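# An overview of the molecular structure
Here are the chains, one letter per residue:
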Amino acid sequence: MKITTRILGVAAVLAVIAMVVPTASASCIPASQFSTWGAGGYFYVNMPPGANNNTVVGKFWAKGNFGSGNSGTYDDSAWLKLYGPSGRWYISGATGDPGISGCPSGSNLIIQLDNADGSSLTLESIETSAAVRWDYSTLNTDFNFAQKPRPQVASSSRVGTSVNLSVNTQPQTGGTYGPQGAAVAVAPSYQLVVGTGSADPGSDAGAYSVIGPIVPGAPVPASVDCSNTATDKWIAIQTVIDGQGSATVGARTRISCNPAMADPDFKHIDRPGRPNPRSGR
């Protein structure tokens, strides 16, 4: 009985230790906190109408070192939280929580939020030695999403089974927040992507393939494969922050693959209300 009791006692102690020691998947020991609540006060993420943890894809990573320290499987529902009494959202997480890949440390921390409506929010904070190691409250503002830009087709022509395009875009306005006075850049770069479907493929970036980079104000040539005339192509803009593509794309522009629509006027189909110069209207 004494041996049995002793074994049970050891098992109880091990159970307690298991509850207080982070699991093997919690890479940062001790854990470091990141939050929009901190030394600067209480600041909130203003979510788009109807947005929640089901419509938003959130991730974070150590700036310039995504592979060695990122959010992994640590779902945004654990750190992007609704403050019930106000109906507002805030960020609060720890790098010692299960699911994190590697250990984000030794650099700024970038947070990327992408919503299903094609909008996004990017935050960057300098690492400090304070209790909240990455304290986004020091940016001294609430945080608003911004819509990703939409590609604009300047011209188009059909050659065989391909439709050749000249595409431009505008820069995203807002949606990025970085350390005040610090020499950091959280503004996105852009790449043109293409999807396929008889209907809009939606905003999930996984439904698109990359055509190439695009710089706002500098039209680029692009070609889409229209060998299947039964479906159309949809081009969109994906933002890129610190080498990481956004989880959603912006509003899509439809490229008809029907040869009967090869007339250059088809490029205007997503600009409702624009007069057709050939119709006399």
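Here goes a summary of the coordinates provided. Here, residues in each chain are numbered from 1, in the same order as that chain's written sequence. For this predicted model, a pLDDT threshold of at least 70 governs which residues receive local features, and a threshold of 80 or more governs which side-chain atom pairs are given and counted, while totals over whole chains, interfaces and linings are taken from all residues. The basis for every side-chain value is the complete set of heavy atoms in the structure, and neither hydrogens nor water enter the calculation.

### Observations regarding the packing of aromatic side chains
Pairing of aromatic rings covers Phe, Tyr and Trp, the last counted by its six-membered ring, and requires centre-to-centre distances within 6.5 Å; plane angles under 30 degrees mean stacked, over 60 mean edge-to-face, and any other angle means tilted. Evaluated as defined, the whole model comprises twelve aromatic pairs. With 5.0 Å between their ring centres and 75° between their planes, Trp37 and Tyr42 make a pair best called edge-to-face. Note on exposure labels: buried denotes an accessible area under 20% of the residue type's maximum, exposed denotes more than 50%, and partly exposed covers the range between, all computed with a 1.4 Å probe on protein chains only. Looking at Trp37, the relative accessible area reads 22%, which means it is partly exposed. Given the relative accessible area of 58%, Tyr42 is considered exposed. A ring pair is formed by Trp37 and Tyr90, whose centres lie 4.0 Å apart and whose planes are at 10°; its orientation type is stacked. With Trp37 in strand E2 (residues 37-38) and Tyr90 in strand E8 (residues 88-94), the pair connects residues that are 53 residues apart, well separated along the chain. Grouped by ring-pair contacts, the aromatic residues Trp37, Tyr42, Tyr44, Tyr83 and Tyr90 constitute a single cluster. Note on conventions: DSSP H or I runs of at least 4 residues are helices, E runs of at least 2 residues are strands, and numbering of each starts at the N terminus.

### Quick notes on the pattern of salt bridges
Put simply, a salt bridge is a Lys or Arg side-chain nitrogen that is within 4 Å of an Asp or Glu carboxyl oxygen. The final tally for this structure, using the stated rule, is six salt bridges. For Arg133, the salt bridge goes to Glu127, with nearest N and O atoms at 3.8 Å. Its salt-bridge partner being Arg254, residue Asp232 comes within 2.8 Å of it at the nearest N-O pair. Of this pair, Asp232 sits in strand E21 (residues 232-241) while Arg254 sits in strand E23 (residues 253-255); the two residues are 22 residues apart in sequence, bridging distant segments of the chain. Residue classification places Arg254 among the partly exposed residues on the basis of a relative accessible area of 26%.

### Re the state of the cysteines
Disulfides are defined as cysteine sulfur pairs within 2.5 Å. Tallied over the full model, the rule gives two disulfides. One disulfide in the model links Cys226 with Cys257; its S-S distance is 2.0 Å. Between Cys226 and Cys257, the S-S dihedral sits near -65°, and the bridge is therefore left-handed. Placement of the pair is Cys226 in the loop between strand E20 (220-225) and E21 and Cys257 in the segment after E23, with a sequence separation of 31 residues.

### Remarks on the sheet that holds strand E16 (residues 162-168)
Only when DSSP finds a minimum of two bridges between them are two strands counted as paired. One open sheet holds the three strands; their spatial order is E15-E16-E20, and the pairing between them is antiparallel. Either end of the sheet is taken by a strand with one partner, and the two such strands are strand E15 (152-159) and E20. Each strand axis lies, on average, 25° off the axis of its neighbour in the sheet, ignoring direction. Note that E16 and E20 share six bridges and pair antiparallel. Every angle, taken between N-to-C directions, lies between 0 and 180 degrees, and every axis is a line fitted to C-alpha atoms, over only the stretch in contact when it is a helix.

On their own, these measurements won't tell you what the molecule is for.
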